[in-house]
Amino acid sequence: MSHTTALQATSNFYSAHAAMRLLRAALGTTERLWPALAVRAAYRLFGTPLPLRKPGSPTSPGSAWRTERWPFEDAEITVYTPLAQPHGPAVLLLHGWGGHARQMLPLAEALAARGLRPVLMDLPAHGGSRGRVSNLPQFSRAIEYATARLHAQDSAPHAVVAHSLTANAAAHAASRGLATGRLVMIAPPASPHEYTRLFAQVFGLSERTRAAMQRLIEAREGVLMRQFEPPAVGPRIALPTLVVHDRGDRINRFADGEAYRDHIPHAKLLATDGLGHRKILQHADVLAAMVDFVDGPAP
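Scope of this entry: the structure provided in the associated data block. (Residues numbered from 1 in each chain as written. Predicted model: local features only at pLDDT ≥ 70, side-chain atom pairs only at ≥ 80, totals over all residues. Heavy atoms only, no water.)

### Looking at the overall build of the protein chain
Item 1. Helices and strands together make up the secondary structure of the protein chain, namely 11 helices and eight strands.
Item 2. Within the protein chain, the proportion of its 299 residues that are buried is 52%.
Item 3. Taking contacts inside the protein chain between residues at least 6 apart in sequence as the whole, the part at least 24 apart equals 73%. (Helix = DSSP H or I, 4+ residues; strand = E, 2+ residues; numbered from the N terminus. Buried < 20%, exposed > 50% of the residue type's maximum accessible area, 1.4 Å probe, protein only. Contact = heavy atoms within 4.5 Å.)

### Topic: the packing of aromatic side chains
Item 1. All told, the structure shown has five aromatic pairs when counted by the stated rule.
Item 2. Consider the rings of phenylalanine 46 and tyrosine 195, whose centres lie 6.0 Å apart with planes at 40°: the pair is tilted. With phenylalanine 46 in helix α3 (residues 35-46) and tyrosine 195 in helix α7 (residues 192-202), this residue pair connects regions lying 149 residues apart in the sequence.
Item 3. Phenylalanine 46 sits in the buried class, given a relative accessible area of 16%.
Item 4. Where phenylalanine 72 meets tyrosine 145, the ring centres are 5.2 Å apart and the plane angle is 40°; that geometry is what we call tilted. Taken together, the positions of phenylalanine 72 in strand β1 (residues 65-72) and tyrosine 145 in helix α5 (residues 136-152) put the pair 73 residues apart, joining distant regions of the chain.
Item 5. Residue classification places tyrosine 145 among the partly exposed residues on the basis of a relative accessible area of 29%. (Phe/Tyr/Trp six-rings, centres within 6.5 Å; stacked < 30°, edge-to-face > 60°.)

### Considering the pattern of salt bridges
Item 1. Taken as a whole, this structure holds 12 salt bridges when the rule is applied.
Item 2. Residues arginine 114 and aspartate 292 are paired through a salt bridge, measuring 2.7 Å at the closest nitrogen-oxygen approach. Taken as a pair, arginine 114 in the loop between α4 (105-113) and β4 (117-122) and aspartate 292 in helix α11 (residues 284-295) lie far apart in primary sequence, 178 residues in all.
Item 3. A single salt-bridge network, built from bridges that share partners, covers Arg69, Glu76 and Arg130. (Salt bridge = Lys/Arg side-chain N within 4 Å of Asp/Glu carboxyl O.)

### Some details on helix α6 (residues 165-175)
Item 1. Burial runs high along α6: 11 of the 11 residues are buried.
Item 2. Turning to α6, its buried residues number three or more, namely Leu165, Thr166, Ala167, Asn168, Ala169, Ala170, Ala171, His172, Ala173, Ala174 and Ser175.
Item 3. Of the residues one or two after α6, glycine 177 is the one with positive phi, at around 90°.

### Some thoughts on the nonpolar core
Proteins that are soluble and globular tend to have nonpolar side chains buried together.
Item 1. By size, the foremost hydrophobic cluster in this structure holds 38 residues, and its most contacted members are Met121, Met185, Ile237 and Tyr260.
Item 2. In terms of residue count, the dominant contributor to this core is α6 (seven residues).
Item 3. Look past the residues within four positions of methionine 121 in its chain and what remains in contact with it is Ile77, Thr78, Val79, Tyr80, Leu92, Leu93, Leu94, His95, Ala101, Ala142 and Ala146.
Item 4. Residues Trp65, Ala101, Leu116 and Leu242 belong to the second largest nonpolar core, which totals 28 residues. (Core = buried A, V, L, I, M, F, W, Y, C linked by side-chain atoms within 4.5 Å.)

### Concerning unusual backbone geometry
Item 1. A positive phi angle is found at alanine 125, which is not glycine, with a value near 70°.
Item 2. Topologically, alanine 125 is positioned in the loop between β4 and α5.
Item 3. One non-glycine residue, serine 164, lies in the positive phi region at around 60°.

### Details of the packing of α5 against α6
Axis angle and axis distance: for two packed helices, these are the angle between their axes and the distance between the axes, and together they describe the pair.
Item 1. Running from N to C, α5 and α6 point in directions that differ by 60°, and their axes come no closer than 8 Å. Our classification of the angle between α5 and α6 gives oblique. At the point where α5 passes α6, the crossing takes the right-handed sense. Contacts between α5 and α6 pair Leu136, Phe139, Ser140, Ile143 and Glu144 from the former with Leu165, Thr166, Asn168, Ala169, Ala170, His172 and Ala173 from the latter.
Item 2. Its residues placed into classes, the contact of α5 with α6 shows seven nonpolar, four polar and one charged. (Axes fitted to C-alpha atoms, helices over the stretch in contact; angles between N-to-C directions. Parallel < 35°, antiparallel > 145°, perpendicular 65-115°, else oblique. Left-handed = near helix turned anticlockwise from the far one by under 90°. Nonpolar A, V, L, I, M, F, W, Y, C, P; charged D, E, K, R; others polar.)

In C-alpha cells, the structure reads:
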C-alpha cells in the first residue's frame, strides 16, 4: 500500500467529523500564536478515540454476557464473559483503537462453538469503559493487567487475540512475558511513529509540533515509540503467533503484518484479499482459521 493511501485513509477518518475540521483550523492558528499550547492540544486530540461515543448507545455485547468493571489507572476496563460458560480454556479478545467489544462478537461466537470461553473487553475510554483519552502504552499495560486479573480468577487466557492498534499493544505485552499461551494479531500497525506523522499531516501540523507531541507522550508514558516496533518486540516474543492481515488493508499496511511475521520467531502469516481492515473480523473462513490456531495442538 502506498503512503498516499495511508494518508488518505487517515484524512478520511478525521475529516468525517465536522468538529475535527474546526479543530484543524484552530490547531493551525494556535500553532502560530502559542506553540506550546498547540503541542498539548495535539497530544489531547491524538489520544482521543474516534468516533466519539454517543450518549445512551449500547455498550454491552448483549444480555447473554456478564459485565465486570475493573478500575484501571484513571479510567477502567470493562470485561464481558458469557453467562453460559463453555468448559474450555479462556481466550481474551481485544478490539482496536476507536472500537468496542461488540466488534469481536463473531470471533467470540466461533470460539464458543468450539467449546472455548471467549472473554471480551472494552479498553479504557472505549465502549462501556470510563475515560476520555488513552494511548498505545496504556493499552499494553491494560492487557497485562487484565491477563493478571484473569489468572487470579482462575480464568487464565489460553490465547490473546487483538485487532489493529491493540495487536501492536499485545505484541509489546507479549515481549514483556505476557502470561498467555498464544497470540493472534489481526491487521497490526508496525510504526506508532508513522501514525504520528500521518496525524500531523492531516491536521497541518509542523514537524516541530509533531516531534514535541511524541516527546510528550513518551515522557508521560515512560516508553519510547520505537520500543513498540517489530524489530524491538518481535525477537522477544516466545509465544506461538499468528498474524492475520489483508493485502488491501487501507488503514494498516500489509507490509506491517509481514514485518511482524519476519521478526517474531516462527510466526505464521495468514494473508487475505478483499476484506480490508474490518471485514476481516467477520469472514467465516478467517474466523475458522483463527479458531483452529487457538485450539490447535502445541507447535
